[in-house]
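What follows is the residue order along each chain.
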Amino acid sequence: MTSLLSVQNLQVEFYGFKALNGVNLDIGDRELVTIIGPNGAGKSTLLDAIVSKSPVANGQINYQGKEITNLPPYQIARLGIGRKFQNPNVYDELTVFENLLLALKGSNGVFASIFSRLTKWKRQKITTVLEQIGLTESAGTKVAALSHGQKQWVEIGMILAQDPKLILLDEPTAGMTPEETHATGELIQLLSEVHAVVVIEHDMELVKQIAKRVIVLHQGQTLAEGSVQDIQNNEQVLEVYLGREQIDVTA
Ligand code: ADP
Ligand code: MG
């Protein structure tokens with residue numbers, strides 16, 4: 001398998017503290033990878049480093065065979081890597097439709113995007129994304145009126161509008177009801193038919209629903225890697241989670 005993204009010996013430091021201490025990771029084209037690990041393990045930092053939100057101190061990140069380590073974030077986005085942050089990054093006072101329009105490639109600024117005539121291509125693209133995220137009925141609704149879960153879907157939609165090759169999702173089901181979480185799992189599986197997807201997740205039900213390959217991060221390093229079953233039977237993983245009720249890998 002040729003890898004779409006290849007992370008080698010990645011190190012990220014904050015004031016001398018190694019948040020990532022030599023992480024290696026390969027993601028194949030249209031591969032779905034799930035990352036779990038206790039709070040503070042370095043999961044978000046790993047995604048931050050990939051999109052240059054946190055500077056890489058050592059190591060290398062290659063994407064489509066080219067080095068992208070510490071490139072400016074806008075260049076990384078332009079290369080086709082879309083990142084969803086832990087808290088939805090959406091415009092509350094705009095409608096779902098307007099949020100998606102803003103995210104489309106070639107849109108320049110809120111007002112230019114909203115008041116310029118929509119090309120047929122843009123309209124179709126937004127229609128498709130609305131269907132994917134299950135918000136067709138809410139297209140004209142202000143994002144402020146949506147549930148927390150629906151806001152997360154809007155943000156995923158904004159990433160999809162940019163046609164990424166690689167989608168990075170940081171705890172996409174945070175604050176969701178079990179039904180919303182399950183629907184998000186289905187959405188992630190659908191997305192992984194067309195895109196490579198990396199999902200950071202703490203909800204083991206969702207991990208079991210979607211996961212093919214699971215990576216466990218702990219103290220800035222990869223602790224284990226394998227199927228959900230491999231992970232659930234891994235002694236070291238059980239030890240790390242022992243007494244931590246927020247994640248029960250044996251559930
Ligand atoms: P996770 O997402 O696995 O819960 P993070 O990647 O957010 O963990 O954090 C890993 C470690 O790095 C934590 O100890 C956290 O406090 C620290 N850290 C993360 N971001 C920063 C930052 N911008 N400045 C200082 N320390 C940070
Ligand atoms: Mg995090």
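Read on for an overview of the structure. (Residues numbered from 1 in each chain as written. Chains lettered and ligands numbered in written order. Predicted model: local features only at pLDDT ≥ 70, side-chain atom pairs only at ≥ 80, totals over all residues. Heavy atoms only, no water.)

1. Regarding the overall build of the chain
Secondary structure summary: the chain contains ten helices and ten strands in total. With 251 residues in all, the chain has 51% of them scored as buried. Total accessible area on the chain is roughly 12,100 Å²; 48% of this is exposed by carbon and sulfur atoms. (Helix = DSSP H or I, 4+ residues; strand = E, 2+ residues; numbered from the N terminus. Buried < 20%, exposed > 50% of the residue type's maximum accessible area, 1.4 Å probe, protein only. Areas by Shrake-Rupley, 256 points an atom, 1.4 Å probe, with all protein chains shown as cover.)

2. A look at the site of ligand 1
If you check the shell around ligand 1, you find Phe-14, Phe-17, Ala-19, Pro-38, Asn-39, Gly-40, Ala-41, Gly-42, Lys-43, Ser-44 and Thr-45 and nothing else. At 2.8 Å, a backbone N or O of Gly-40 approaches an oxygen atom of ligand 1. Within the backbone of Ser-44, one N or O atom sits 2.9 Å away from an oxygen atom of ligand 1. Computed on the free molecule, ligand 1 has an accessible area of 560 Å², of which 62% lies beneath the protein chains in the complex. When contributions to the shell around ligand 1 are tallied by element, the ones reaching two or more residues are β2 (17–28) and α1 (43–50). (Near = heavy atom within 4 Å. Polar contact = N/O pair within 3.5 Å; in protein donor to acceptor, adjacent residues only side chain to side chain.)

3. A look at the sheet that holds strand β6 (residues 81–84)
The sheet built from six strands is open, its strands ordered β6-β7-β8-β3-β9-β10 with mixed pairing. A strand with exactly one partner marks an edge of an open sheet, and here the two such strands are β6 and β10 (221–226). Taking the axes of each pair of neighbouring strands and ignoring which way they run, one obtains an average angle of 20° across the sheet. Two strands pair when backbone bridges link them, and strand β3 (residues 32–36) and strand β9 (residues 213–218) are joined in this way by four bridges, in the parallel orientation. Across the sheet, residue Ile-36 finds its bridge partner in β9, namely Val-216. Each of β6 and β7 (166–170) is contacted by helix α6 (residues 148–160), which is oriented at about 170° to β6, the strand it contacts most. Across the sheet, helix α7 (residues 178–191) lies against β3, β7 and β8 (196–200), angled at about 150° from β8, the strand it touches most. (Pairing = 2+ DSSP bridges. Axes fitted to C-alpha atoms, helices over the stretch in contact; angles between N-to-C directions. Contact = heavy atoms within 4.5 Å.)

4. Some remarks on α1
One turn of the α-helix equals 3.6 residues, which is why residues spaced by three or four share an orientation. Counting buried positions along α1 yields seven of eight residues, so the element is predominantly enclosed. All of the buried residues along α1 are Lys-43, Thr-45, Leu-46, Leu-47, Asp-48, Ala-49 and Ile-50. In the stretch just after α1, Ser-52 is the one whose phi turns positive, near 60°.

5. Describing the nonpolar core
Counting residues in each nonpolar core, the largest one holds 32 residues, and the members touching the most others are Val-96, Leu-100, Val-154, Leu-169 and Ile-188. Looking at this core, the elements that each hand over two or more residues are α3 (96–103), α5 (120–132), α6, β7, α7, β8 and α8 (204–210). Filtering out sequence-adjacent residues up to four positions away, Val-96 remains in contact with Leu-130, Leu-135, Ser-138, Ala-139, Thr-141, Val-143, Leu-146 and Val-154. In terms of nonpolar packing, the next biggest core, distinct from the first, is built from 30 residues, Leu-5, Ile-68, Leu-168 and Ile-200 among them. (Core = buried A, V, L, I, M, F, W, Y, C linked by side-chain atoms within 4.5 Å.)

6. A short note on the pairing of strand β4 (residues 58–63)
Relative to β4, strand β1 (residues 3–14) is paired through five bridges, and the arrangement is antiparallel. Each bridged residue has a counterpart across the sheet, and for Gln-8 the counterpart in β4 is Gln-60. Here β4 folds back onto strand β5 (residues 66–67) in antiparallel fashion, the turn holding two residues, of which Gln-64 has a positive phi close to 50°.

7. Focus on the side chain of Thr-184
You can see Thr-184 is positioned in helix α7. Relative accessible area serves as the criterion here: at 0%, Thr-184 is assigned to the buried category. Here Thr-184 is in contact with Trp-153, Pro-172, Thr-173 and Met-176, once residues within four sequence places are set aside.

8. Regarding a nonpolar patch on the surface
Together, Phe-14, Tyr-15 and Phe-17 make up a nonpolar patch on the protein surface, roughly 430 Å² of accessible area in all. For Tyr-15, the position within the fold is in the loop between β1 and β2. Assessed through its relative accessible area of 88%, Tyr-15 is described here as exposed. (Patch = residues over 30% accessible without salt bridge, like charges linked within 9 Å, V, L, I, M, F, W, Y side chains within 5 Å. Salt bridge = Lys/Arg side-chain N within 4 Å of Asp/Glu carboxyl O.)

9. With respect to the sheet that holds β2
Reading across the sheet, the four strands line up as β2-β1-β4-β5 and stay open at both edges, with antiparallel pairing between neighbours. The open sheet has two free edges, formed respectively by β2 and β5, since each of these has just one partner strand. Both β1 and β2 contribute to a ladder of nine bridges, which runs antiparallel. What sits directly across from Phe-14, in β2, is Phe-17.

10. Quick word on the environment of Gln-162
If you trace the backbone, Gln-162 turns up in the loop between α6 and β7. With a relative accessible area of 30%, Gln-162 lands in the partly exposed category. Linking Gln-162 and Ala-103, residues 59 residues apart in sequence, is a C-alpha distance of 6.5 Å. There is a polar contact of 3.3 Å between the side chain of Gln-162 and the backbone oxygen of Met-158.

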